[in-house]
Amino acid sequence: MPQSTSKARGRVTVKNIAAHAGVSIGAVSSVMNNRHVERRISQGTVDKIRAASAKLGYLPNISARRLRSGTSQKHNIVLAFVTSYEAPLSLANHLISALRQSVGQGGRELAGMSFSLMVEMFPAGQLRTMPGLLTGDHFNAAIITNTTPEDDQFLNRAHLPFPVVLVNRAIPRYSCVIEDPGAGGLAGGVLFRGKRRDLAVLHGSPLTQTTQGRVDSFMNTVAQQLGRPAREIVAKDLSETAAYDAMIRFLNQGGKIDGLYTVTDSMALGAYHAIKEKGLGIPGDIAVVGVGDYDISAFFDPPLTVVGVERSEVGKEASRLLLRQLAQGGLPPLKVEIPVQSVLRASTGRG
């Protein structure tokens with residue numbers, strides 16, 4: 001007789017499913033491994049097993065399957081792209097695409113290795129709470145990006161037992177790919193050439209290594225050129241909504257500028273809405289420069305001028321550094337700096 005329909009405690013096993021469905025463990029194993037046709041198991045039994053599996057909440061035991069496959073853990077590499085929930089996913093798409101391409105083009109050093117790719121996300125500032133991060137239980141190689149200063153402090157103290165590459169932050173003991181810290185200065189230069197003199201920078205809080213560098217280089221460039229600092233407009237985070245709220249508050253309080261630098265393209269989108277809501281024009285009243293050149297930035301109204309790094313290049317270099325560690329091991333960390341460039345469009349009157 002089938003057992004009670006109450007959910008089994010702890011991890012559900014094939015034994016639990018067999019007992020619940022009133023069939024043999026062998027039958028359950030065959031169905032779970034999609035071998036029921038060759039084992040000539042009736043469709044009625046298959047349906048019964050699958051219903052029991054769904055009701056009990058069965059999840060495959062990945063570790064056990066790897067052991068049964070006869071392939072050593074060394075040759076089964078689970079690559080994780082680790083990012084925060086709050087960060088824009090535009091860069092993530094490029095990094096993941098580059099990582100997949102690099103794995104597919106792996107040379108002789110990677111021969112015999114099989115790869116899986118996963119995305120892991122964490123609340124900003126709480127990287128330390130990610131399950132398996134310190135033990136390697138969930139993945140055994142990672143590209144980590146979009147960390148806050150609190151996360152960076154954790155990484156500086158922690159020892160992660162697998163190869164790691166950081167994107168847009170430099171921390172001792174880790175290989176990293178970072179943008180040229182002069183991105184903000186380049187943005188300032190674009191606004192100066194457009195004859196803009198009342199400038200501001202819009203950024204979130206807290207600042208990361210990268211966004212702090214963007215703000216600092218912009219502020220230094222403005223101070224050197226104009227003899228006075230740019231204004232800072234501070235949003236609660238990097239989202240479009242937070243950028244809109246901060247910008248509309250600044251304008252409602254009588255703030256007047258003719259040039260704006262936002263530390264991400266997504267913040268520029270929020271600023272656009274605030275500027276237009278106040279009846280101001282872009283670039284007639286306020287020229288806007290963003291960072292990142294997201295896929296949608298050329299379709300802003302007007303199209304957004306941007307500075308920053310080529311995202312595909314960031315992904316390619318991060319992948320190269322990670323696979324280098326996997327192939328050779330024991331190598332000293334490397335830092336790769338990607339130069340910034342500008343793409344001039346109509347938001348600064350230069351498109």
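Okay, so let's go over this structure. Predicted model only: the values in this text are computed from it and were never measured.

### Structural notes on the sheet that holds strand β6 (residues 199-203)
- Strands sit in the order β7-β6-β8-β9-β10-β12 across an open sheet of 6 strands; the sheet is mixed. Both edges of this open sheet fall to β7 (231-234) and β12 (341-343), since each of them pairs with a single strand only. Mean inter-strand twist for the sheet, computed between neighbouring axes without regard to direction, equals 20 degrees.
- Pairing geometry for strand β9 (residues 287-291) and strand β10 (residues 305-308), over 3 bridges, is parallel. If you follow Val289 over to β10, its bridge partner there is Thr305.
- The strands that helix α7 (residues 183-193) touches are β6, β8 (259-262), β9, β10 and β12; relative to β8, the one it contacts most, it runs at about 160 degrees.
- Most of the contacts of helix α8 (residues 209-226) go to β6, to which it runs at about 175 degrees, and overall it touches β6, β7, β8 and β9.

### Details of the packing of α7 against α8
- It is at 6 Å that the axes of α7 and α8 come closest, and there the two elements cross at 40 degrees. As judged from the angle between their axes, α7 and α8 are oblique. Judged by the twist between their axes, the crossing of α7 over α8 is right-handed. Contacts between α7 and α8 involve Ala183, Gly184, Gly185, Ala187, Gly188, Leu191 and Phe192 from the first element and Arg214, Ser217, Phe218, Thr221, Val222, Gln225 and Leu226 from the second.
- In terms of residue class, the contact of α7 with α8 is made up of 7 nonpolar, 6 polar and 1 charged.

### Section: helix α10 (residues 265-277)
- In this model α10 runs 19 Å from its N-terminal to its C-terminal C-alpha over 13 residues, within 8% of the 18 Å that 1.5 Å per residue would give.
- Of the residues making up α10, those classed as buried are Asp265, Ser266, Met267, Ala268, Gly270, Ala271, Tyr272, Ala274 and Ile275.
- Buried residues along α10 sit in contact with β6, α9 (240-252), β8, β9 and β10.
- Gly279 sits one or two positions beyond α10 and adopts a positive phi of about 80 degrees.

### As for the pattern of salt bridges
- Applying the stated rule across the entire model yields 8 salt bridges.
- A salt bridge links Arg128 to Glu150; the shortest N-O distance between them is 3.1 Å. One end of the pair, Arg128, is in the loop between β2 (114-122) and β3 (141-145); the other, Glu150, is in helix α6 (residues 149-157), and 22 residues separate them in sequence.
- Arg228 is the salt-bridge partner of Asp198, the closest N and O atoms lying 3.4 Å from each other. Residue Asp198 is found in the loop between α7 and β6, and its partner Arg228 is found in the loop between α8 and β7; the two are separated by 30 residues along the sequence.
- Of the residues examined, Asp198 reaches a relative accessible area of 39% and is grouped as partly exposed.

About the cut-offs
- Along each chain, residue indices are assigned from 1 in the same order as the chain's sequence is written.
- Reporting in this predicted model follows two pLDDT cut-offs: at least 70 for local features of residues, and 80 or more for side-chain atom pairs to be given and counted; totals over whole chains, interfaces and linings ignore these cut-offs and use all residues.
- Values shown for side chains rest on all heavy atoms present in the structure; no hydrogens or waters enter the calculation.
- In short, DSSP must find at least two bridges between two strands for them to pair.
- Each helix corresponds to a stretch of at least 4 residues labelled H or I by DSSP, and each strand to a stretch of at least 2 residues labelled E; elements are numbered beginning at the N terminus.
- Whenever a helix is involved, its axis is fitted only over the stretch in contact; in every case the axis is a line through C-alpha atoms, and angles between N-to-C directions fall within 0 to 180 degrees.
- Should any heavy atoms of two residues lie within 4.5 Å, those residues are considered in contact.
- Orientation is classified from the angle alone, with under 35 degrees giving roughly parallel, over 145 giving roughly antiparallel, 65 to 115 giving roughly perpendicular, and any other angle giving oblique.
- By definition, turning the near helix anticlockwise from the far helix through less than a right angle yields a left-handed crossing, and turning it clockwise yields a right-handed one.
- Under the scheme applied here, ten amino acids are nonpolar (Ala, Val, Leu, Ile, Met, Phe, Trp, Tyr, Cys and Pro), four are charged (Asp, Glu, Lys and Arg), and all others, including Gly, are polar.
- Helix span, as expected, comes to 1.5 Å for every residue beyond the first.
- Three exposure classes are used, based on accessible area relative to the maximum for each residue type with a 1.4 Å probe and protein chains only: buried under 20%, partly exposed in between, and exposed over 50%.
- We define a salt bridge as a contact between a side-chain nitrogen of Lys or Arg and a carboxyl oxygen of Asp or Glu at a distance within 4 Å.

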